[in-house]
Amino acid sequence: RKTGKLLGKRVVITAGGTREPLDPVRFLGNKSSGKQGVALAEAAVDAGADVILIHGHMDVAPPQNVKLHSIQTALELRAATLSAAAGADVVIMAAAVADFRPASVSMGKIKKRDDVADPVISLVRNPDILVEVVAHRSAQNLSQLIVGFAAETGDADCDARSYAEAKLKRKGCDLLVVNEVGPDEDGAERVFGQESNTVEIIALDGAEPVHAAGSKRAVADAVVALVAERLGTS
Ligand code: C5P
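These notes cover the structure that comes with them. (Residues numbered from 1 in each chain as written. Predicted model: local features only at pLDDT ≥ 70, side-chain atom pairs only at ≥ 80, totals over all residues. Heavy atoms only, no water.)

The subject of this paragraph is the overall build of the chain. Assigned secondary structure in the chain consists of five helices and 14 strands. Judged by the C-alpha coordinates and their principal axes, the chain covers about 65 × 40 × 35 Å. Out of the 234 residues belonging to the chain, those deemed buried represent 42%. In the chain, 67% of the contacts between residues at least 6 apart in sequence involve partners at least 24 apart. On the chain, roughly 12700 Å² of surface is accessible, and the fraction owed to carbon and sulfur atoms is 51%. The positive charge centre, built from 27 side chains, and the negative charge centre, built from 31, are 7 Å apart in the chain. (Helix = DSSP H or I, 4+ residues; strand = E, 2+ residues; numbered from the N terminus. Buried < 20%, exposed > 50% of the residue type's maximum accessible area, 1.4 Å probe, protein only. Contact = heavy atoms within 4.5 Å. Areas by Shrake-Rupley, 256 points an atom, 1.4 Å probe, with all protein chains shown as cover. Lys, Arg positive; Asp, Glu negative; His and termini not counted. Charge placed at Lys NZ, Arg CZ, Asp CG, Glu CD.)

Shown next, in the form of structure tokens:
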């Protein structure tokens, strides 16, 4: 029989990157590998949860034993996530969502032409899905736990932690998993697609931040443990 910290909990996880079409053959995308989201799905399944993984483009195969929903664009991700979130105990938004999409999608392939000027792409803002999931947390689902992700860089004005705390308040999710990107202490670039991760998990209620580092699975296990603790099932 299945056992685990999240036994029978309905967990929705988003992963990978969205792709915003420009024409029938081109898109604006991002470098998200989907690895952290897949590791989260595996960790949640191993903890006994029923997992729906809503995923955009990923460099890795989706895991076994989860319900898969594949999407391309931020608007598709939004529709799938809001619908799945309605019945979820936990929503974890690990997807890299395009902040902007092309204002219009060309019906035909955009061609280079010598008789007209080169095209200029104008962009419009995508909705913030995480903010919408928080807003839709329904009266009968007030105990739903919502987890966001954020990649932050510090700068001269403000460190990464302060930016992350401001983002947590703005988004209103319960937990925010923050990874600091940009050059690390040794000057090495921290980029997308790596096998390991170093994060601080900060909480809207001001609970002490939790540090997790190691493989993406180790980070996923730390997130799952914290989620279980918050649901009172650990
Ligand atoms: O604002 P930023 O992109 O740093 O926020 C990251 C978090 O918000 C992630 O959890 C991401 O999945 C989510 N997000 C979203 N909709 C967007 C942009 C980000 O849900 N349009």
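A few words on the packing of helix α2 (residues 74-85) against helix α3 (residues 129-136). For the pair α2 and α3, the least separation of the axes is 10 Å and the interaxial angle reads 25 degrees. Classified by the interaxial angle, the pair formed by α2 and α3 is roughly parallel. The crossing of α2 and α3 is right-handed. Where α2 abuts α3, its residues A74, L77, R78, T81, L82 and A85 lie against I129, E132, V133 and H136. (Axes fitted to C-alpha atoms, helices over the stretch in contact; angles between N-to-C directions. Parallel < 35°, antiparallel > 145°, perpendicular 65-115°, else oblique. Left-handed = near helix turned anticlockwise from the far one by under 90°.)

This part covers the site of the ligand. Looking at the ligand, the residues that line it are M93, A95, V97, D99, P127, D128, I129, L130, G148, F149, K167 and K171. The separation between a nitrogen atom of the ligand and a polar main-chain atom of P127 is 2.8 Å. Contact between the ligand and L130: an oxygen atom at 2.8 Å from a main-chain N or O atom of the residue. Here the ligand loses 87% of its free accessible area of 450 Å² to cover by the protein chains. Looking at the shell around the ligand, the elements that each hand over two or more residues are α3, β9 (145-152) and α4 (160-171). (Near = heavy atom within 4 Å. Polar contact = N/O pair within 3.5 Å; in protein donor to acceptor, adjacent residues only side chain to side chain.)

The next thing to look at is the pairing of strand β13 (residues 196-203). The side chains of a regular strand alternate, first on one face of the sheet and then on the other. Relative to β13, strand β10 (residues 175-180) runs antiparallel, the two sharing five bridges. By the bridge assignment for β13, V178 is matched with E200. Across six bridges, the pairing between β13 and strand β14 (residues 210-215) is antiparallel. The residue bridging V199 from the neighbouring strand is A212, located in β14. Adjacent in sequence and paired antiparallel, β13 and β14 are bridged by six residues, among which G206 carries a positive phi angle near 85 degrees. (Pairing = 2+ DSSP bridges.)

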